[in-house]
Amino acid sequence: MNEFLNRIVLNNSIGDYLTIGLIILGMYLLKKYFSRPIVAGIIFLSKRMGRKIDRQAFIDLILEPLEYFIIILTAVTALSSLNFPEVLKYNFYKTDTKTIIDRIATTLLIVSFFWLLLRMIDYLALVISKNNKSEEMQGEHQLVIFIKDFLKAIVSIAGLLTVIKFAFRYQIMDLLTGLGIVGVALALSARESLENLIASFIIFFDKPFVVGDILKVQNVTGTVERIGFRSTRLRTTEKTYVSVPNKQMVDSIVDNLSLRTQRRADLKLEIDTAATAEQLRQLLEGMKEILHHPKIENSNLFLNDIVQQGYIVQTDYYTAPIPMDEFNTLKQEINLKVIQLMEELGIEISQSVTRIKP
């Protein structure tokens, strides 16, 4: 038996192969059958320590990359103890197959580790966002999303540099020095992008609007769906998707319609001169009764002007910031009641005709 285990195959003993195989198989079985109980134990201990853990989110986001990282780490560590078979070693263009396989293994290990970091950022952002569901915390929720995207970009760049440094043995300082010279030129050419990035930080900390607000920016009106590094995305009333650069959102006059305290409606009547003073008085009194509506908070009604074509009755009324559909329904109800009142009083709208001289 010892002779069989000590037999050398491809520069390694059969016993070494069996040992490495058993280690990798053991880690695979641990991943398949014991990972969820281990996660359950971690969650239980965390809760006992007073930490809030979202079990399902932890399983969905953390479990898979954690399993792959442990398996890859175990496999790379175990296989590195074996001697590389000389028969498989080929030299070509300043490298060889052993170096290429080492670089691939190192790259897989680094990528799996940074994948785990990215998922951890997603998990933390999700947990924080779930604790900020109230409308008062809407700005903080969007700030969490922004910081999450920013951190993921930084971690991704760090992961790429780590692969270049440890997998390809390239000196990062030389690379950064070269990029520094190129970066100056890129910064000058990407000045507008940098301005948009700075504007995004201004938006998040000044908070003139948050996701879900209805904005009017220049000639665009829509609901904020996302605030990104470069632009703010609006869903317009025509259901189109508009991206407005953050620099314009900071420099332009932004009307936040969601922060209005009331909605205003105007009604202007041009009464025919055939109407008597008594009819006008009854019309004004009747309109005051109509405007005593439970959804109308305050109103102004008066005989605004007397012109050659007729009498101008002006009214404006205000409601709470109710939804637009409900507001339009109320306007329609008020208008129909005013028309009915004018029919009952025998009052007609002025029908003045502009005569064109021959």
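Predicted, not measured: the structure shown is a model, and the values here were computed from it.

What counts, and at which threshold
- Residues numbered from 1 in each chain as written.
- Predicted model: local features only at pLDDT ≥ 70, side-chain atom pairs only at ≥ 80, totals over all residues.
- Heavy atoms only, no water.
- Helix = DSSP H or I, 4+ residues; strand = E, 2+ residues; numbered from the N terminus.
- Contact = heavy atoms within 4.5 Å.
- Areas by Shrake-Rupley, 256 points an atom, 1.4 Å probe, with all protein chains shown as cover.
- Core = buried A, V, L, I, M, F, W, Y, C linked by side-chain atoms within 4.5 Å.
- Buried < 20%, exposed > 50% of the residue type's maximum accessible area, 1.4 Å probe, protein only.
- Pairing = 2+ DSSP bridges.
- Axes fitted to C-alpha atoms, helices over the stretch in contact; angles between N-to-C directions.
- Parallel < 35°, antiparallel > 145°, perpendicular 65-115°, else oblique.
- Left-handed = near helix turned anticlockwise from the far one by under 90°.
- Nonpolar A, V, L, I, M, F, W, Y, C, P; charged D, E, K, R; others polar.
- Patch = residues over 30% accessible without salt bridge, like charges linked within 9 Å, V, L, I, M, F, W, Y side chains within 5 Å.
- Salt bridge = Lys/Arg side-chain N within 4 Å of Asp/Glu carboxyl O.
- Phe/Tyr/Trp six-rings, centres within 6.5 Å; stacked < 30°, edge-to-face > 60°.

Novice: Would you mind going over the overall build of the chain with me for this structure?
Specialist: For the chain, the helix and strand inventory stands at 10 helices and 12 strands. When contacts within the chain are restricted to residue pairs at least 6 apart in sequence, long-range pairs at least 24 apart make up 62% of them. Counting only carbon and sulfur atoms, one obtains 60% of the accessible surface of the chain, whose full area is about 23500 Å².

Novice: Is there a simple way to explain the nonpolar core in this structure?
Specialist: One broad trend across soluble globular proteins is that nonpolar side chains are buried collectively. Counting residues in each nonpolar core, the largest one holds 24 residues, and the members touching the most others are Leu 269, Ile 271, Leu 283, Met 287, Ile 334 and Val 338. Secondary structure elements with two or more residues in this core: strand S10 (263-271), helix H9 (277-290), strand S11 (296-307), strand S12 (310-319) and helix H10 (324-345). Contacts of Met 287, omitting those with residues within four sequence positions, involve Leu 267, Leu 269, Leu 301, Val 313, Thr 315, Val 338 and Leu 341. Ranked by size, the runner-up nonpolar core spans 13 residues in total, among them Phe 204, Phe 209, Val 224 and Ile 227.

Novice: Got a minute to help me understand the sheet that holds S12 in this structure?
Specialist: Backbone-to-backbone hydrogen bonds join strands into a sheet, with any given pair of strands oriented parallel or antiparallel. Pairing within the open sheet is antiparallel, and its three strands lie in the order S10-S12-S11. Strand pairing shows two members of the sheet lacking a second neighbour, S10 and S11, which therefore form its edges. Each strand of the sheet is rotated relative to its neighbour by a mean of 15°, with strand direction disregarded. In the packing of H10 onto the sheet, the strands contacted are S10, S11 and S12, and the crossing angle to S10 comes to about 20°.

Novice: Explanation requested: the packing of H9 against H10 in the structure shown.
Specialist: When two helices pack together, their arrangement is given by the angle between the helix axes and the distance between those axes. Their axes nearest at 10 Å, the elements H9 and H10 cross at an angle of 150°. As judged from the angle between their axes, H9 and H10 are roughly antiparallel. Judged by the twist between their axes, the crossing of H9 over H10 is right-handed. Contact residues: Gln 279, Gln 282, Leu 283, Gly 286, Met 287 and Ile 290 in H9; Ile 334, Lys 337, Val 338, Leu 341, Met 342 and Leu 345 in H10. The residue makeup of the contact of H9 with H10, split by class, is eight nonpolar, three polar and one charged.

Novice: What's the story with a nonpolar patch on the surface in this structure? I'm lost.
Specialist: Where nonpolar side chains cluster on the molecular surface, the patch consists of Tyr 90, Phe 92, Tyr 93, Ile 100, Ile 104 and Leu 108 and spans about 670 Å² of accessible area. The element best represented in the nonpolar patch is helix H4 (residues 97-130), accounting for three residues. Mapped onto the fold, Leu 108 is located in helix H4. For Leu 108, a relative accessible area of 49% translates into the label partly exposed.

Novice: Looking at this model, I keep getting lost on the pattern of salt bridges. Mind explaining?
Specialist: Using the criterion set out here, one finds 10 salt bridges in the structure. When the shortest N-O distance is used, the salt bridge between Glu 278 and Arg 281 registers 2.1 Å. A residue pair is termed a helical-turn pair when its members lie 3 or 4 positions apart in one helix, as Glu 278 and Arg 281 do in helix H9 at three residues. You can call Arg 281 partly exposed: its relative accessible area is 38%. When the shortest N-O distance is used, the salt bridge between Lys 295 and Glu 326 registers 3.0 Å. Of the two residues, Lys 295 is situated in the loop between H9 and S11 and Glu 326 in helix H10; the sequence distance between them amounts to 31 residues. In the salt-bridge network here, residues are joined through shared partners; they are Glu 278, Arg 281 and Glu 285.

Novice: Before we go on, may I ask you to explain the packing of aromatic side chains in this structure?
Specialist: For any pair of aromatic rings, the description consists of the separation of the ring centres together with the inter-plane angle of the planes. What the rule picks out here adds up to four aromatic pairs. Measuring from centroid to centroid gives 6.1 Å for Tyr 68 and Trp 115, while their planes differ by 40°, and the two rings are tilted. Taken together, the residues span a long stretch of sequence, with Tyr 68 in helix H3 (residues 55-79) and Trp 115 in helix H4 at a distance of 47 residues. Judged by its relative accessible area of 37%, Tyr 68 falls in the partly exposed class. Under the relative-accessibility criterion, Trp 115 is labelled partly exposed at 28%.

Novice: Mind showing me how you'd approach the sheet that holds strand S8 (residues 241-245) here?
Specialist: Sheet architecture is open: five strands sit in the order S8-S7-S6-S5-S9, paired in antiparallel fashion. In this open sheet, the two edge strands, each paired with only one partner strand, are S8 and strand S9 (254-256). Geometrically, the sheet is characterised by an average inter-axis angle of 40° between neighbouring strands, direction not taken into account.

Novice: Is there a simple way to think about the pairing of S10 in this case?
Specialist: When a strand is regular, its side chains alternate between the sheet's two faces. Alternating positions in S10 separate cleanly, Arg 263, Ala 265, Leu 267, Leu 269 and Ile 271 being buried on one face and Arg 264, Asp 266, Lys 268 and Glu 270 remaining unburied on the opposite face. Relative to S12, S10 runs antiparallel, the two being bridged by nine bridges. Its bridge partner being in S12, Arg 263 is matched across the sheet by Thr 319.

Novice: What exactly am I supposed to notice about the environment of Asp 251 here?
Specialist: Looking at where Asp 251 falls in the secondary structure, it is placed in helix H8 (residues 246-251). Residue Asp 251 is classed as exposed on the basis of its relative accessible area, which comes to 53%. Taking the C-alpha atoms as reference, Asp 251 lies 9.0 Å from Ala 199; in sequence the two are 52 residues apart.

Novice: What is the right way to look at the side chain of Asp 122 in this model?
Specialist: Tracing the chain through its elements places Asp 122 in helix H4. The exposure class of Asp 122 is buried, given its relative accessible area of 17%. Those residues in contact with Asp 122 that sit more than four places away from it in its chain are Leu 61, Lys 148 and Lys 152.

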